[in-house]
Amino acid sequence: RKEVEQDPGPFNVPEGATVAFNCTYSNSASQSFFWYRQDCRKEPKLLMSVYSSGNEDGRFTAQLNRASQYISLLIRDSKLSDSATYLCVVKAESNTGKLIFGQGTTLQVKP
Amino acid sequence: DGGITQSPKYLFRKEGQNVTLSCEQNLNHDAMYWYRQDPGQGLRLIYYSQIVNDFQKGDIAEGYSVSREKKESFPLTVTSAQKNPTAFYLCASRRSSGANVLTFGAGSRLTVL
């Protein structure tokens, strides 16, 4: 089983739609969680950190479910510019510094 | 402006040759990382270093080597022992404390001919 798993998609949605991605992780000792965005042939960039109580940044909402070991990303009112690959990142344990990436979920927002 | 610089951006090499990818950061970050990305895949960890003169193997370290002689620099050597080296290589850094957020360089795209 992979340490961090995502549905690769692609998710094809119309503009204005709401779309949600999940990411599961295998190590229950995982400490920190993030969503990164990667555009084609570019480096990943931080979209948002994921906090235990859930957090929101504009149209984006991240949630953490420690009991079921998954995190989620919800995008409301999708824009064409949201088309990208969304990478889930998990910090394995507090003293290792090791960050594990999921394979990414591709989102295509269509007019 | 602070950031991470990777060079070269594109590199071609013949089979059997070693090649070194440069990664320099002026963010005063303690930890540095090398990831490999293949088409349609996520990032896989090659090596990481949390302090100068110390580094750890990631999940796919075979055929690669690194050094961390200076805080600012973390070069990656792709050796001839790496069976399938054609890939997009990404260097990243972060502070050891605080938000644990990774900052990435723009990447180096290596093609073996």
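The sections below set out a description of the structure shown in this document. (Residues numbered from 1 in each chain as written. Chains lettered and ligands numbered in written order. Predicted model: local features only at pLDDT ≥ 70, side-chain atom pairs only at ≥ 80, totals over all residues. Heavy atoms only, no water.)

Another aspect to go through is the pairing of strand β9 (residues 87-94) of chain B. Residues and elements named next belong to chain B. Most of β9 sits inside the fold, with eight of its eight residues counted as buried. Of the pairings in the sheet, the one linking strand β4 (residues 31-37) to β9 comprises seven bridges and is antiparallel in character. In the sheet register, R36 faces β9, and the bridge partner there is Y89. As defined by bridge partners, β9 adjoins strand β11 (residues 108-112) across three bridges and the pair is classed as antiparallel. Considered in β11, the bridge of Y89 is made with S108. Bridge count for β9 against strand β10 (residues 103-104) is two bridges, and the pairing is antiparallel. In the sheet register, A92 faces β10, and the bridge partner there is F104. (Buried < 20%, exposed > 50% of the residue type's maximum accessible area, 1.4 Å probe, protein only. Helix = DSSP H or I, 4+ residues; strand = E, 2+ residues; numbered from the N terminus. Pairing = 2+ DSSP bridges.)

What follows concerns the sheet that holds strand β1 (residues 4-7) of chain B. All names here are of chain B. An order of β1-β3-β8-β7 is seen for the four strands of this open sheet, with the pairing classed as antiparallel. The open sheet terminates on both sides in strands that have one partner only, identified here as β1 and β7 (64-66). Ignoring which end each strand starts from, the neighbouring axes of this sheet average 20° apart. Note: β7 against strand β8 (residues 76-78), three bridges, orientation antiparallel. Within β8, the residue paired with S65 across the bridge is T77. (Axes fitted to C-alpha atoms, helices over the stretch in contact; angles between N-to-C directions.)

Turning next to unusual backbone geometry. Backbone torsion omega between G9 of chain A and P10 of chain A reads 10°, so that peptide bond is classified as cis. Position of P10 of chain A among the secondary structure elements: in the loop between β1 (4-6) and β2 (11-14). Cis geometry is adopted by the peptide bond preceding P8 of chain B, which originates at S7 of chain B and carries an omega value of -10°. In this fold, P8 of chain B is placed in the loop between β1 and β2 (10-13). One non-glycine residue, R41 of chain A, lies in positive phi territory at about 65°. Considering the arrangement of structural elements, one finds R41 of chain A in the loop between β4 (32-38) and β5 (45-50). Taking the relative accessible area as the measure of exposure, R41 of chain A reaches 54% and is therefore exposed. For D77 of chain A, which is not glycine, the phi torsion reads 50° and is therefore positive. Overall, D77 of chain A belongs to the partly exposed group, its relative accessible area being 37%.

On their own, these measurements won't tell you what the molecule is for.
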